[in-house]
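Observations on the model geometry
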Amino acid sequence: MTRNRCIQSFSPRCKVVMVGRAMVYGLTTKGEYGVNTVIEMLKDEPEFTMALSGCPTLNNATRNHIRT
């Protein structure tokens, strides 16, 4: 999932975010530890992306921050 997609996944119009492939990659490479690593990355990525774009909270994110 790219950084841009992370913020897009929190948009009000977004209903579902599929992360199954990332979980499978983590599982096949490092087993349970790999899946836990992927989960941590998915939790940290939106926070990191928002910090890079200058948005302290999701409420501060506007359409100008999202490039499609």
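A few points on the structure.

It is worth spelling out the overall build of the chain at this point. When you go through the chain residue by residue, the secondary structure sums to two helices and zero strands. Looking at the chain as a whole, 18% of its 68 residues qualify as buried. When contacts within the chain are restricted to residue pairs at least 6 apart in sequence, those whose partners lie at least 24 apart make up 53%. Only carbon and sulfur atoms are counted for the fraction: they give 57% of the accessible area of the chain, which is about 5,600 Å².

In this structure, the second largest pocket encloses a volume near 210 Å³. A22, T37, V38, M41 and L42 are, among the 13 residues lining the second largest pocket, the residues nearest its centre. Each residue belonging to the lining of the second largest pocket can be placed in one class, and the counts come to seven nonpolar, four polar and two charged.

Take the environment of V38 next. Relative to the helices and strands, V38 resides in helix α2 (residues 20-53). The exposure class of V38 is buried, given its relative accessible area of 11%. Taking the C-alpha atoms as reference, V38 lies 6.3 Å from G26; in sequence the two are 12 residues apart. Sequence-distant contacts of V38, that is, excluding residues within four places in its chain, are made with A22, M23 and G26.

Let's shift gears to the pattern of salt bridges. Taken as a whole, this structure holds one salt bridge when the rule is applied. One salt bridge in this structure joins K43 and E40, with 3.2 Å as the shortest N-O distance. Placement of the pair is K43 and E40 together in helix α2, with a separation of three residues, close to one helical turn. By relative accessible area, which is 51% here, K43 ends up exposed.

A word on α2. For the α-helix, the turn length of 3.6 residues means that residues three or four positions removed from each other point alike. When the terminal C-alpha atoms of α2 are compared, their 27 Å separation across 34 residues is substantially less than the 50 Å that a helix rising 1.5 Å per residue should span. Of all the bends in α2, the largest measures some 145 degrees and sits at K30. Among the residues making up α2, those that are buried are G26, G34, V38, E45, P46, T49 and M50. Looking one or two places after α2, you find G54, whose phi comes out positive at around 85 degrees.

About the criteria used
- Residues numbered from 1 in each chain as written.
- Predicted model: local features only at pLDDT ≥ 70, side-chain atom pairs only at ≥ 80, totals over all residues.
- Heavy atoms only, no water.
- Helix = DSSP H or I, 4+ residues; strand = E, 2+ residues; numbered from the N terminus.
- Buried < 20%, exposed > 50% of the residue type's maximum accessible area, 1.4 Å probe, protein only.
- Contact = heavy atoms within 4.5 Å.
- Areas by Shrake-Rupley, 256 points an atom, 1.4 Å probe, with all protein chains shown as cover.
- 1 Å grid on protein atoms, 1.4 Å probe; cavity = no way out; pocket = protein on both sides within 12 Å on 5 of 7 lines; lining within 4 Å.
- Points joined across faces, edges and corners; volume = space filled by probe spheres on them.
- Nonpolar A, V, L, I, M, F, W, Y, C, P; charged D, E, K, R; others polar.
- Salt bridge = Lys/Arg side-chain N within 4 Å of Asp/Glu carboxyl O.
- Expected span 1.5 Å × (residues − 1).
- Bend = angle between axes of the 7 residues up to and from the residue.

All quantities given are derived from atomic positions and should not be read as evidence of function.
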